[in-house]
Amino acid sequence: PTYRGQKPLIRDVITRRCAAHPLFGTPAKVTTVDKFQGQQNDYILLSLVRSRNVGHLRDVRRLVVAMSRARLGLYVFGRKALFEQCYELAPSFKHLLKFPTKLAVVPTEAYPPSRKTSEKVAPYLVGDAVAMGHVVNQLALKWQQEQMASAKAHMAQWAPATPAVEA
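As the structure is a prediction and not an experimental result, all values here were calculated from the model.

Peer 1: Quick rundown of the overall build of the chain? Include the residues and the values.
Peer 2: From N to C terminus, the chain includes five helices and four strands. Counting helices and strands in the order they occur from the N terminus, the chain gives α-β-α-β-α-α-β-β-α. For the chain, with 167 residues in total, the buried portion stands at 17%. Looking at the chain as shown, the accessible area adds up to about 13,100 Å², and 58% of this sits on carbon and sulfur atoms.

Peer 1: Give a description of the environment of G127 that names residues and reports values.
Peer 2: Here G127 shows up in the loop between β4 (124-126) and α5 (129-156). By relative accessible area, G127 is classed as partly exposed at 44%. C-alpha separation for the pair G127 and K102, spaced 25 residues apart in sequence, amounts to 6.3 Å.

Peer 1: Quick one: what's the story with the nonpolar core, residue by residue and with numbers?
Peer 2: Here is a general trend for soluble globular proteins: nonpolar side chains tend to be buried in one another's company. By size, the foremost hydrophobic cluster in this structure holds 13 residues, and its most contacted members are V33, L46, L48, V54, F83, L89 and F93. Of all the secondary-structure elements, those providing two or more residues to this core are β1 (41-48), α2 (60-67), α3 (80-84) and α4 (90-96). In terms of residue count, α2 provides more of this core than any other element does, three residues in total. Excluding anything up to four places from it in sequence, F93 contacts L48, L63 and F83.

Reading guide: rules and limits
Residues numbered from 1 in each chain as written. Predicted model: local features only at pLDDT ≥ 70, side-chain atom pairs only at ≥ 80, totals over all residues. Heavy atoms only, no water. Helix = DSSP H or I, 4+ residues; strand = E, 2+ residues; numbered from the N terminus. Buried < 20%, exposed > 50% of the residue type's maximum accessible area, 1.4 Å probe, protein only. Areas by Shrake-Rupley, 256 points an atom, 1.4 Å probe, with all protein chains shown as cover. Core = buried A, V, L, I, M, F, W, Y, C linked by side-chain atoms within 4.5 Å. Contact = heavy atoms within 4.5 Å.

This is how it looks when you write it as structure tokens:
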């Protein structure tokens, strides 16, 4: 999709796949870089998904706005090789690529975490979008199984006692 077309596409995917699910829900905002001037959020998921060229982001001011508005976490989705080759963006991407390029998740941990920050855990490194889909699917399946087990246990306490059979 085009730059302007990505926003409605992302909203549609969220509405269809996440909104009604109590584990996922919806983000506070889905907006374009141009509409984000002067705002901040704790976490930002930045979609730089392009297939052939850098396009609108070649304007360094847009990139600065996009990359400077996250207080706690910035997650960038896109083709690293495409953006590394863009002369205008090279200084910004050189800085960005000093950070890990794979998402590290601890699938067994919920937010807020109950472990101490000094406790070390081995994260799972998400290799690509397919791997992320697998992680999300497995977490949703685990959550669903836990909900079913909880419902069965709750129903069992209200079930009538089975009468003893006399021989």
